[in-house]
Amino acid sequence: MGVIVNFNAGELTPKLRYRCDLDKYQNGAARLENFTVMPQGGLENRPGLEYIAEAKSSAAPVRLIPFEFSATDTAILEFGAQYIRIRKSDGTLLQDVVTPYSSENLRGLRYTQMGDIVFLVHRFYPPARLMRYGSTDWRYEAISWKFAAYKDEESGIDLTPSGTTGNITLTASEAIFDVRCDDMLMHIKHPKQSSSLYHEFEDNGESDTIAAGGDWTLKTTGGWHGRLKLMRSFDNGETWIEYRIYVRSQDVNVDSEGTEARENVLYKMVMENWSTPESGVSYKCSATLTMKKYWIDGIVKLHRTNGKTDTVTASVILGGTGKTQDFAFSSWNGQDGYPACVNFYNDRLGFANTKAQPQTVWMSKVGDYYNFEQGDNADDALVITLQSAEVNSISWMIPYRTIMIGTKSAEGILSPVDSSEPLSASNRQYESKTAFGSSDLPAFLVNDCIVFLQRGGEHLRELSYDAVTEWYNAPDMTLLAEHILVGGALETAFRSLPFPCIYFVRGDGQLIGFTYERSQNVHAWHRYITAGAFESVAVVSNDQTDEVWVSVKRGEKRYIERFFRRDITDVTDSMFLDCASYGTTGLERFAGKTVSALADGKWFENLEVTAAGTVMLPITAEKVLVGLPYVSRYESMPIEYVSQGATTGLKKKANKVILKYRDSLGGRAGFSTSNLEQIDQRKTYHQMNHVPPLQTGSYTMRVGTEFTDEESVIVEQNAPYPLSLLGIVHNLTVS
């Protein structure tokens, strides 16, 4: 006698069909369709799909992305060809927004969110943001940088602007504008020579103004009593703000210095509270404010190049019209590509992987997400290029204590050299930990592990630290189910509630699920199929659970649907139909087709929908759910008894097979798909004209009289009711 006490191994590869020596063999399945492996060990048929709406355009696939401001403020974003359609989590349409993204590029979008802003990147499009200004006021905006990311400065080339503002012409001593650069930025610097402002105070008063920038000094001489203030203005002298105050009541003069980091600033000196000198004594304060040599930054946006000539039209604000050799082109542009990865780390906005710099990470200033100006301070922007023997693009970045990074050749950690100090330009290091290589799809942080798809998209790996070896391991989570992602995954999403599960959209339209509870050794694969093809998946979190949204192609139409919440206490709450909605009208999507219906818990099949989108029921009911049926199938691995010696290859006959189930109704079971028997849960005390309540108990299957080469148990649920399988008890005679 044997017992299958859990199904935690999930669907196994056909290559393991006779590996009964493996521990996971008995707990695995040869087929697991539309069943979900629960972390507690049992199987549940998946919930149905609630119809939300037809996609705005059914002409091409759409991409779903979640919007999560808080646990109670969420939305779903439908990305299509040049649009985003925004819906509340209850399905209410809020707004359509125009975007530049073509349908064939939607899968390449990557995103991260901060408050009301969703940051969007794609290697073919400038970084952008979707900003929520109000419940029905959403705007797609290309990011306007406070200070963009720039390459290293050009060297030995003279650049001369024809003006300092407006539309001007730049002329270079070499042909530096001979490539596509119509959307490129340039950072141009002009030197500002040292200048001084001198003023003698013999009473209250103020000095002239001086343009400020960079390092400065303020020195006074003479004997005086008063209050000297250094003032600054950011609006060309309209308003003034106290910056430094120096009070002198003894024979000590001012010797002060500082640095002005902002641009277009004016300084002046103001004397107040001047003391009247004693008879025969003359008071005088000689003050000198000196601005040391500094650089004036100008930003140029290139609009048009004249072939391989040396001129370009631009809209700019520059610091001068003289020649300069201090300029740099922006790192992100149509010629060199745009970032393909985005994420946050320690209040920095980070980007990575352009065509020209595939191994480079750019991180903004701390708390200043649109400022990528580098410097020597710990909170300045960072530009870090990973060093490796090969040039392999960055696939993903995950903040986890430090920054976990996956590239096409390896997985590693970007971290401070001195862990007691933050990551900075002078305190950084990158170290590879494993060398499997990552696909372009996002990785996920699940508890203390990074789960990522290996390059090629057919193998899922679990990156974690091993305290015994003091190193990182990344075992293959698809080793026992190497067939499950054949062809590669197209999209992925992670759900944490009610239990961890990772979803993958496969190229053939199946939705692959991976129940993942590492602490309980649950690594179980299962497959979802529907009357159509899954094309996109997204998870929207709320305060109670996580909702799984999908885009499904059914015939020539594409629909936005959402998995029902599987929370059933009464049979009338059953919702095991796809593309389903409540009521007998509004069913135009099914016009001319047949559907199933649940009417107050009673199941009706093969109902025809009229051209007007209505369906006629044979009974009157208060609660009606109409949709497409589907079948959930479980097939065990061939039953073998290892404890009795190797039984593989021997003739077998089932003596008894008992199914253990909970809160279930209906289902079929047998030893072949052509000979399945109904699981009869109706009791003698149940009313014949009423649907029985959900049942918990056992069912003993009928067995045959002949010996066969293999015996496998098959359980199906073809009715739109719940079926939760907890275990199987089996007894075979071996000959």
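For the structure, see preceding data.
Let me begin by describing the structure that accompanies this report. No experiment lies behind these values; they were computed from the predicted model shown.

### Brief notes about the overall build of the protein chain
Counting its secondary structure elements, the protein chain contains 0 helices and 56 strands. Here the C-alpha radius of gyration of the protein chain, 35 Å, is well above what a compact globule of 735 residues would show, namely 27 Å. The C-alpha extent of the protein chain, read off along each of the three principal axes, is 130 × 65 × 60 Å. Across the 735 residues of the protein chain, 53% fall into the buried class. Counted over contacts in the protein chain with a minimum sequence separation of 6, partners at least 24 positions apart contribute 62%. Accessible surface, the protein chain: about 32700 Å² in total, of which carbon and sulfur atoms supply 47%. For the protein chain, the centre of its 72 positive side-chain charges and the centre of its 91 negative side-chain charges are spaced 5 Å apart.

### Digging into the sheet that holds strand E27 (residues 341-345)
Read across the sheet, 4 strands follow the order E27-E28-E29-E30 without closing on themselves; strand pairing throughout is antiparallel. Edge strands, defined here as strands with exactly one partner in the open sheet, are E27 and strand E30 (382-385). Adjacent strand axes in the sheet meet at a mean angle of 20°, parallel and antiparallel pairs treated alike. Alignment of strand E28 (residues 348-352) against strand E29 (residues 360-363), held across 3 bridges, turns out to be antiparallel.

### Concerning the environment of Pro 498
Structurally, the position occupied by Pro 498 is in the loop between strand E39 (489-495) and strand E40 (501-506). Classification of Pro 498 as exposed rests on a relative accessible area of 58%. Sequence separation of Pro 498 and Glu 605 is 107 residues, and the distance between their C-alpha atoms is 32 Å.

### Thoughts on unusual backbone geometry
Comment: phi is negative for the bulk of residues other than glycine, and the bulk of peptide bonds are trans. The amide bond that connects Leu 497 to the next residue, Pro 498, takes the cis arrangement and shows omega of 5°. Even without glycine at this site, Asn 353 takes up a positive phi of about 70°. Tracing the sequence through the fold places Asn 353 in the loop between E28 and E29. Overall, Asn 353 belongs to the buried group, its relative accessible area being 2%.

### Things to note about the sheet that holds strand E13 (residues 125-134)
With respect to topology, 4 strands assemble into an open sheet ordered E11-E12-E13-E14, the strand pairing being antiparallel. Edge strands, defined here as strands with exactly one partner in the open sheet, are strand E11 (110-114) and strand E14 (137-142). Neighbour-to-neighbour, the strand axes of this sheet turn through a mean angle of 20°, independent of strand direction. When E13 meets E14, the two strands line up antiparallel, connected through 6 bridges. Bridge pairing links Arg 132 to Trp 138 in E14.

### Examining the pairing of E27
Summarising burial for E27: 4 of the 5 residues are buried, a large majority. Here E27 runs beside E28; their pairing, made up of 5 bridges, is antiparallel. Considered in E28, the bridge of Cys 341 is made with Ala 352. Connecting E27 to the antiparallel partner E28 that follows it, the hairpin turn spans 2 residues, and Asn 346 within it adopts a positive phi of roughly 50°.

### Section: the pattern of salt bridges
For the coordinates displayed, the defined rule picks out 40 salt bridges. In this structure, Glu 710 engages Arg 17 in a salt bridge whose closest nitrogen and oxygen atoms are separated by 2.9 Å. Placement of the pair is Glu 710 in the loop between strand E54 (695-700) and strand E55 (714-717) and Arg 17 in the loop between strand E2 (10-11) and strand E3 (28-33), with a sequence separation of 693 residues. What makes Glu 710 partly exposed here is its relative accessible area of 27%. Look at Arg 17 and you get partly exposed, because its relative accessible area is 25%. Its salt-bridge partner being Asp 21, residue Arg 19 comes within 2.8 Å of it at the nearest N-O pair. Salt bridges here are not isolated pairs; linked through shared partners, they connect Glu 11, Arg 31, Glu 33, Arg 527, Arg 633, Arg 668 and Glu 716.

### Some words on the state of the cysteines
According to the stated counting rule, one finds 0 disulfides in the structure shown. No disulfide involves Cys 501; its nearest neighbouring cysteine sulfur is the one of Cys 449, lying 16 Å away.

### A short note on the packing of aromatic side chains
Per the counting criterion, the structure on display carries 30 aromatic pairs. An angle of 70° between the planes, with centres 5.7 Å apart, marks the rings of Phe 119 and Phe 344 as edge-to-face. With Phe 119 in strand E12 (residues 117-122) and Phe 344 in strand E27, the pair connects residues that are 225 residues apart, well separated along the chain. Taking the relative accessible area as the measure of exposure, Phe 119 reaches 1% and is therefore buried. Among the residues examined, Phe 344 registers a relative accessible area of 11% and is labelled buried. Pairwise contacts between aromatic rings join Phe 119, Trp 145, Trp 332, Phe 344, Phe 351, Trp 362, Tyr 369, Tyr 370 and Phe 372 into one cluster.

### Regarding the pairing of strand E8 (residues 73-80)
Buried residues dominate E8, accounting for 7 of its 8 residues. Relative to E8, strand E7 (residues 63-70) is paired through 7 bridges, and the arrangement is antiparallel. Opposite Pro 66, over in E8, you have Ile 76 as the bridge partner. Between E7 and E8, which follow one another and run antiparallel, lie 2 residues. By the bridge criterion, 6 bridges tie E8 to strand E9 (residues 83-88) in an arrangement that is antiparallel. From the neighbouring strand, Phe 79 faces E9, where its bridge partner is Ile 84. What sits between the antiparallel neighbours E8 and E9 is a turn of 2 residues, in which Gln 82 has the positive phi angle 65°.

### As for the nonpolar core
Counting residues in hydrophobic clusters, the biggest one holds 26 residues, and the most contacted among them are Leu 43, Tyr 634, Leu 659, Val 713, Val 715, Leu 725 and Ile 728. At 4 residues, strand E51 (residues 652-664) tops the list of elements feeding residues into this core. Among all residues touching Val 713, those that are not within four sequence positions of it are Tyr 634, Glu 635, Ser 636, Ile 639, Val 657, Leu 659, Gly 670, Phe 671, Met 701 and Ile 728. Membership of the second largest hydrophobic core comes to 23 residues, among which are Ala 149, Tyr 150, Ala 328 and Val 342.

### What about the environment of Arg 46?
Tracing the sequence through the fold places Arg 46 in the loop between strand E5 (43-45) and strand E6 (49-54). Considered as a pair, Arg 46 and Ala 474 are 428 residues apart in the sequence and their alpha carbons are 30 Å apart.

### Observations regarding the side chain of Gln 695
The residue Gln 695 is located in strand E54 in this model. Engagement of the side chain of Gln 695 in a polar contact is seen with the backbone oxygen of Pro 693, the distance being 2.9 Å.

### Here we look at the side chain of Thr 99
Mapped onto the elements, Thr 99 comes out in the loop between strand E10 (93-98) and E11. Looking at Thr 99, the relative accessible area reads 6%, which means it is buried. A polar side-chain atom of Thr 99 sits 3.4 Å from the main-chain amide nitrogen of Tyr 83. A distance of 3.4 Å separates a polar atom in the side chain of Thr 99 from the backbone nitrogen of Tyr 101. Non-local contacts of Thr 99, meaning those with residues more than four positions away in its chain, are made with Gln 82, Tyr 83, Ile 84 and Tyr 140.

### Regarding the environment of Ile 296
Within the secondary structure, Ile 296 is located in strand E24 (residues 294-305). Taking relative accessible area as the criterion, Ile 296 reaches 24% and is therefore assigned partly exposed. The spacing of Ile 296 and Arg 461 is 165 residues in sequence and 50 Å in space, taken between C-alpha atoms.

Calculation rules
- Residues numbered from 1 in each chain as written.
- Predicted model: local features only at pLDDT ≥ 70, side-chain atom pairs only at ≥ 80, totals over all residues.
- Heavy atoms only, no water.
- Helix = DSSP H or I, 4+ residues; strand = E, 2+ residues; numbered from the N terminus.
- Rg over C-alpha atoms; globule rule 2.2 N^0.38 Å.
- Buried < 20%, exposed > 50% of the residue type's maximum accessible area, 1.4 Å probe, protein only.
- Contact = heavy atoms within 4.5 Å.
- Areas by Shrake-Rupley, 256 points an atom, 1.4 Å probe, with all protein chains shown as cover.
- Lys, Arg positive; Asp, Glu negative; His and termini not counted.
- Charge placed at Lys NZ, Arg CZ, Asp CG, Glu CD.
- Pairing = 2+ DSSP bridges.
- Axes fitted to C-alpha atoms, helices over the stretch in contact; angles between N-to-C directions.
- Salt bridge = Lys/Arg side-chain N within 4 Å of Asp/Glu carboxyl O.
- Disulfide = S-S within 2.5 Å.
- Phe/Tyr/Trp six-rings, centres within 6.5 Å; stacked < 30°, edge-to-face > 60°.
- Core = buried A, V, L, I, M, F, W, Y, C linked by side-chain atoms within 4.5 Å.
- Polar contact = N/O pair within 3.5 Å; in protein donor to acceptor, adjacent residues only side chain to side chain.

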